[in-house]
Amino acid sequence: MRGPLVVKRALSEPLLLLAAFGSILLATTTLVALTMYASSIADAGVRRTMETASYEQTAATVSAPVTAKTFPEFDKAVRAELTGAYTRPPELSTSFRSDSYTMPGQEDRQRPELLRFGSYDGLDRQARLVSGAWPQPGDDPVQAVISLSAASETGFKVGQEFTTRGRLDSRPVRVRVVGVFQLDDPFGARWAGEQLLSRGVERGDFTTYGPLMVPRETFIARFATNVNATWTAVPDLRALTPEQLRPMAGAVAGLEQRLKAAGCGSCVAASHLPEILTQLDTASLVARSTMLIPVLQLLLLAAYALMLTARLLADHRRMEVALLRSRGAGTVRLAVLAGGEALLVALPCAVIAPFLGPPLLAAINRLPWIEAAGVRLSPSADLGTFLVSFGVALAAAVLLMAPALAGARRTYVEEQAARGRGGGRGLIERAGADLALLVVAGLAIWQLQRYGAPVTTTATGGLGIDPLIISGPALALLTGGMLGLRLVPRVSKLAEKITSRRPALAPALGAWQVSRRPLKYAGPALLLTMAIAIGIVSLATAATWRTSQLDQARHQAGADLRLSGPPDGPELGALGRGTAFTTLPGIGAASPGFRGQADVGGENAMLVTLDASKLGELFHLRPDLSEQPVSELSRTLAGSRTDRLELPGKPAKLTVNAEASDEVTARLVLTDALGVWRDVPLGVLKAGTSQVEVDLRALAGRKGQITYPVSLVGVIAGAPSGSATLKVTGLSADGQQVAAPPLAMEAELSSAATFVHGAQPGPMPVVLTADLAAALKLSPGQSGRVSIDRRVLQVKVAGVVESMPTTTAGQQAVLADWETMQAYELALAQPPRPATEWWLGTDDPGAATAALKSHPEWDVTVLDQRALAATLQDDPLASGLQGALMLGFLAALVFAVLGFLVNAAVAARERLAEFAILRALGVSPRQVFGMLAMEQAFVVGLSLLAGTGLAIVVGELVVPHIVLTGQAAAVTPGVLLDIPWAATTLMLVLVTAVLFAILAGLARTVRGQGLSLREEQ
């Protein structure tokens, strides 16, 4: 009989049990979906990171000196260890470089040009033949292939044979060139340590060509005379899972130690992979832990919504339970009935939820801002999801039956006595539990702000999720809502006083009803308050995250496009790079710049120099990071600049006539129309008259062009003897005399003079980061002497910023005007700083980036602000929180609507008799509806206001600390809370409309049922 009795009892209250079923199903489905989502996001994040990781991030190298005798043993040990370090065998290759050999025909020279031989496994997969064939093993002659660039420099051709001798191994080597090849990506990361192979020539104390590439067997047999061998492992990590990260990091990190233990004492292993994997493991853990925050918020909301329904059900059955006890039903029997009823509702939810989770996630993935991230999740129900589902459902069943068990011991008389008007304060408020909970929530949020993530170090030294920290936001929302309940009696009494003085009946009756039974309305108010707060916090977190990604991209890039690379090169020289970059498609503003580490007053800081007049167009400084706007910094940063002598026309050659009293080394300092400074060595000028020709076109490189006019700035000279007089007596450009004022200087160890003399420069304006300004004890407007790279300068602080663009968190930095810095350093007889970077402004960085990719020989690293922002937003580990927030947001709103509907419907049904009496007394249906609207409007209005206020407070305290980078690091610049007020207002309006639509439907139902009741009476 128990089964049928439970079913019959459940069917007697279809509305409440249907509400309970909906709440449990919503809770289990959403929580199962969130669990699936967190796990899938971690997997997707690891997979995406590994798929996009660069060669230099994942490759591992082992190098050791080898001979023909030792190589086989070393090779076997290294290959075994490299293969065992990964979950699947990596791509392994071995490369060698020989000692130096002399160029044919130069054996008798004191400083001959040199050749090197080499070998690289799988070279035919990384390069293509231009002519000839790949070499075959053999010793006489040795077959070799040469790169196209090396062939151009040496003149070697396919079929050519020659004999060479080693500088350490005098045995002659007869070589036959059998092919010419071209690397597929000569400037790629794979060849970063192979400059000779990618460029074909290295010029230094000796000029070295090559390497001539031979088969591995040939190299070991003929050239392996204690030369360096390098083993490179390129793993396939696309199938790596979060659980495999730390074990693999440890295996790769211990590679060198294991090789030494295996007998390879000279082996040296190197890889960035352990660091990347450890960082990724931490990021994965932080991402999962951060997604627990909306899970806990939803758990609290679901638990409270279910408790409200359970309390309504228990209240509705109080007299029924009391009658059952009076007829002999014991506590066990009542518990079995309540438990069976709860399980009857909960167990179907546990079975259904895992199958509803994937479609729910699919719907979330279709949201535009989540779909834009490119992450496609396809989770399926497994054992873990069923365990979560049944766990949540059983917990919900306990919550559902708890109020029924709490009142199971009361008798019929006690129940009758307990009925009636309740007090003005609830049990929790009377016990002060809300204040105690406030302390706990405050401690949790304080820890979150201190540690910056819900992950802390465990007792064993590892990382773990801190339950107190992740519960902080949920506890704060619950505590804020509970503290808001203290307002219900007070606000209701105030509303009663106001409405009682007005002639309208409905508002007065509604306010009186709320004031008379405030606790009756406190439960729905708390539920709605928490739901609204969770919804707004979710919207704010998602908006803050998106804004932060854009801020990070702008800060890291510094400009729309930032190009970095060597300031001079064979293809594009110092005066050719600027011309090539400024003529890229869509470029509107440009500035050369220097950016690098410098010693500033004894502090390690980043030195950034840019054209101050272009800061407004180029410099991406978030307004809150500086008290002065960028436009003001642009005006105040420009200091004294050096006047210059402009050369007429577009000369290709410059002739300098000089006269020295003793031997002098001199350098000519010039600049082009783009502001690039370049010093040109004039060599050693002997005592007397000298004439030096400067090839200006060579300063642009083979494929570069100069942006004219070119101007002369000054001369830097030094006298080995200690002192000498130097005069520039004449200048001519392409044979035409240049009218120039005389330049005469006393050259000492290092001296400088300018062609056009100007006033003595004043203090150099600089912009400092706040921590650097504090270390130098300088504030805005103050001047002082500061050493920059051991060059003492008089500086004036033009501004202070919290964080300088292009710097990392906590990095000190100084910003100076490009021209002013060059002028001050020239005055100190220092050569000009090279243009290591170019900052470009453009509305279409994609076109410029595409043009740069078509010129790999320019050797440029491109940082595109928009592409960087897209990369940051596409990181699953960083963006995964958005999907969890949207799930929590939608579930919170559904809980709010469901809870409001059930509570309003039950309250209205319980008062049908009251409404019939009012109708019998002559109260119109409009007035009845007005009274009901007043009661519920009080709940809705108070909840919306309290929920919005609570969301703002919790958002300020919590949101900036849970928005992290994809590597789980602090965000630079700091996160600013962004509450999307348009979306928030729309949400509040829609929620209000839905709630009052529910209220209108209930009023119509009440009106019909009240009329029937009056007719019966």
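Residues numbered from 1 in each chain as written. Predicted model: local features only at pLDDT ≥ 70, side-chain atom pairs only at ≥ 80, totals over all residues. Heavy atoms only, no water.

## Some points on the overall build of the protein
Now for step 1: If you tally the helices and strands in the protein, you get 33 helices and 33 strands.
Now for step 2: Residues classed as buried in the protein amount to 53% of the 1017 residues present.
Now for step 3: Contacts spanning at least 24 positions in sequence make up 80% of the contacts within the protein whose residues lie at least 6 apart. (Helix = DSSP H or I, 4+ residues; strand = E, 2+ residues; numbered from the N terminus. Buried < 20%, exposed > 50% of the residue type's maximum accessible area, 1.4 Å probe, protein only. Contact = heavy atoms within 4.5 Å.)

## What about the pattern of salt bridges?
Now for step 1: Going through the model one piece at a time under the given rule, you end up with 26 salt bridges.
Now for step 2: One salt bridge connects Asp-121 with Arg-216, and the closest N-O pair in it is separated by 2.9 Å. Of this pair, Asp-121 sits in the loop between strand E4 (114–120) and helix H5 (123–126) while Arg-216 sits in helix H8 (residues 216–222), placing them 95 residues apart in sequence.
Now for step 3: Between Arg-702 and Glu-571 there is a salt bridge; the shortest N-O distance is 2.6 Å. Of this pair, Arg-702 sits in the loop between strand E22 (688–695) and strand E23 (711–718) while Glu-571 sits in the loop between strand E15 (561–564) and helix H23 (574–582), placing them 131 residues apart in sequence.
Now for step 4: Residue Arg-702 is classed as exposed on the basis of its relative accessible area, which comes to 59%.
Now for step 5: A cluster of three or more residues bridged by salt bridges with shared partners is formed by Asp-75, Arg-79, Asp-121 and Arg-216. (Salt bridge = Lys/Arg side-chain N within 4 Å of Asp/Glu carboxyl O.)

## Overview of unusual backbone geometry
Now for step 1: Note the cis peptide between Gly-210 and Pro-211, where omega equals -10 degrees.
Now for step 2: Topologically, Pro-211 is positioned in strand E10 (residues 207–213).
Now for step 3: Of the consecutive residues Tyr-708 and Pro-709, the connecting peptide bond is found in the cis state with omega at 5 degrees.
Now for step 4: Here Pro-709 lies in the loop between E22 and E23.
Now for step 5: Unusually for a residue other than glycine, Thr-806 sits at a positive phi of about 80 degrees.
Now for step 6: Its place among the elements puts Thr-806 in the loop between strand E30 (791–801) and strand E31 (813–817).
Now for step 7: With a relative accessible area of 6%, Thr-806 lands in the buried category.

## Focus: the pairing of E30
Now for step 1: Within E30, eight of the 11 residues are buried, leaving the element largely enclosed by the surrounding structure.
Now for step 2: In this sheet, E30 lies alongside strand E28 (residues 764–769) in parallel orientation, the contact comprising six bridges. Across the sheet, Thr-769 pairs through a bridge with Val-801, a residue of E30.
Now for step 3: The pairing of strand E29 (residues 783–788) with E30 spans six bridges and is classified as antiparallel. Across the sheet, Ile-788 pairs through a bridge with Arg-791, a residue of E30.
Now for step 4: In sequence, E29 turns back onto E30 through a hairpin of two residues, with Asp-789 there showing a positive phi of about 55 degrees. (Pairing = 2+ DSSP bridges.)

## Remarks on helix H25 (residues 630–637)
Now for step 1: Among the residues of H25, Val-630, Leu-633, Ser-634 and Leu-637 are the ones counted as buried. Angularly, the buried residues of H25 cover 105 degrees about the axis, an arc narrow enough to put them on a single face.
Now for step 2: On the buried face of H25, the contacting elements are helix H24 (615–618), E28, E30, E31 and helix H27 (818–827). (Arc of directions from axis to C-beta.)

## Some details on the state of the cysteines
Now for step 1: Counted according to the given criterion, the structure contains one disulfide.
Now for step 2: Put simply, Cys-264 and Cys-267 are joined by a disulfide, and their sulfur atoms are 1.6 Å apart. Because the torsion about its S-S bond is 75 degrees, the bridge between Cys-264 and Cys-267 counts as right-handed.
Now for step 3: Since its relative accessible area comes to 0%, Cys-267 is described here as buried. (Disulfide = S-S within 2.5 Å.)

## Things to note about the pairing of E15
Now for step 1: Alignment of E15 against strand E32 (residues 837–842), held across four bridges, turns out to be antiparallel. In the sheet register, Arg-562 faces E32, and the bridge partner there is Trp-839.

## Looking at the packing of aromatic side chains
Now for step 1: Applying the stated criterion across every chain, the model contains 14 aromatic pairs.
Now for step 2: The structure contains a cluster of three or more aromatic residues connected by ring pairs, namely Phe-71, Phe-96, Tyr-101, Phe-117, Phe-219, Phe-223 and Trp-231.
Now for step 3: Lying over the aromatic face of Phe-223, Arg-222 brings its terminal NZ or CZ to 5.9 Å of the ring centre.
Now for step 4: Over the ring of Trp-839 we find Arg-562, and its NZ or CZ is 5.9 Å from the ring centre. (Phe/Tyr/Trp six-rings, centres within 6.5 Å; stacked < 30°, edge-to-face > 60°. Lys NZ or Arg CZ within 6 Å of the ring centre and 35° of its normal.)

## A short note on the nonpolar core
Now for step 1: Residues Leu-212, Trp-231 and Met-987 are the most contacted members of the largest nonpolar core, which totals 136 residues.
Now for step 2: Among all residues touching Met-987, those that are not within four sequence positions of it are Ile-532, Gly-535, Ile-536, Leu-539, Phe-889 and Leu-893.
Now for step 3: Counting 81 residues, the second largest nonpolar core, distinct from the first, contains Val-656, Leu-670, Ala-717 and Ala-851. (Core = buried A, V, L, I, M, F, W, Y, C linked by side-chain atoms within 4.5 Å.)

## Side note on the confidence of the model for the protein
Now for step 1: Of the residues in the protein, 81% have a pLDDT of 70 or more, and the chain-wide mean is 81.
Now for step 2: Confidence over residues 420–431 falls short of pLDDT 50; this stretch has 16 contacts with residues more than four positions distant or in other chains.
Now for step 3: For residues 1011–1017, every residue scores under 50 in pLDDT, and the model assigns this stretch seven contacts once sequence neighbours within four places are set aside. (pLDDT = per-residue confidence, 0-100.)

## A few points about the side chain of Thr-972
Now for step 1: Turning to its location among the elements, Thr-972 is positioned in the loop between helix H32 (925–962) and helix H33 (981–1016).
Now for step 2: Overall, the relative accessible area of 13% leaves Thr-972 in the buried class.
Now for step 3: There is a polar contact of 3.4 Å between the side chain of Thr-972 and the backbone nitrogen of Ala-809. (Polar contact = N/O pair within 3.5 Å; in protein donor to acceptor, adjacent residues only side chain to side chain.)

## Thoughts on a nonpolar patch on the surface
Now for step 1: A cluster of nonpolar side chains, namely Leu-343, Leu-347, Val-351, Ile-352, Phe-355, Leu-356, Phe-390 and Leu-394, defines an oily patch on the protein surface of about 630 Å² accessible area.
Now for step 2: Listed by contribution, the elements that provide at least two residues to the nonpolar patch are helix H13 (331–365) and helix H15 (383–406).
Now for step 3: Element by element, the count of residues in the nonpolar patch is highest for H13, at six residues.
Now for step 4: In this structure, Phe-355 sits in helix H13. (Patch = residues over 30% accessible without salt bridge, like charges linked within 9 Å, V, L, I, M, F, W, Y side chains within 5 Å. Areas by Shrake-Rupley, 256 points an atom, 1.4 Å probe, with all protein chains shown as cover.)

## Focus on helix H28 (residues 845–853)
Now for step 1: Residues Pro-845, Ala-848, Thr-849, Ala-851 and Leu-852 constitute the buried set of H28. End-on, the buried residues of H28 take up no more than an arc of 160 degrees, which puts them together on one face.

## Here's the deal with the environment of Met-307
Now for step 1: As for its placement among the helices and strands, Met-307 is situated in helix H11 (residues 273–316).
Now for step 2: Judged by relative accessible area, Met-307 falls into the partly exposed class, the value being 41%.
Now for step 3: Counting along the chain gives 91 residues from Met-307 to Val-398, while the straight-line C-alpha distance between them is 9.9 Å.

## Considerations on the environment of Met-103
Now for step 1: As for its placement among the helices and strands, Met-103 is situated in the loop between strand E3 (101–102) and E4.
Now for step 2: A residue is classified by how much of its surface remains accessible, and Met-103, at 8% relative accessible area, is buried.
Now for step 3: Each C-alpha atom of the pair Met-103 and Thr-163 lies 8.8 Å from the other, and the pair is 60 residues apart in sequence.
Now for step 4: Other than its neighbours up to four places away in sequence, Met-103 contacts Glu-113, Leu-114, Leu-115, Thr-154, Phe-156 and Tyr-209.

## A few points about the environment of Leu-273
Now for step 1: Within the fold, Leu-273 resides in helix H11.
Now for step 2: Classification of Leu-273 as buried rests on a relative accessible area of 0%.
Now for step 3: Taking C-alpha positions, Leu-273 is 5.7 Å from Gln-57, a pair spaced 216 residues apart along the chain.

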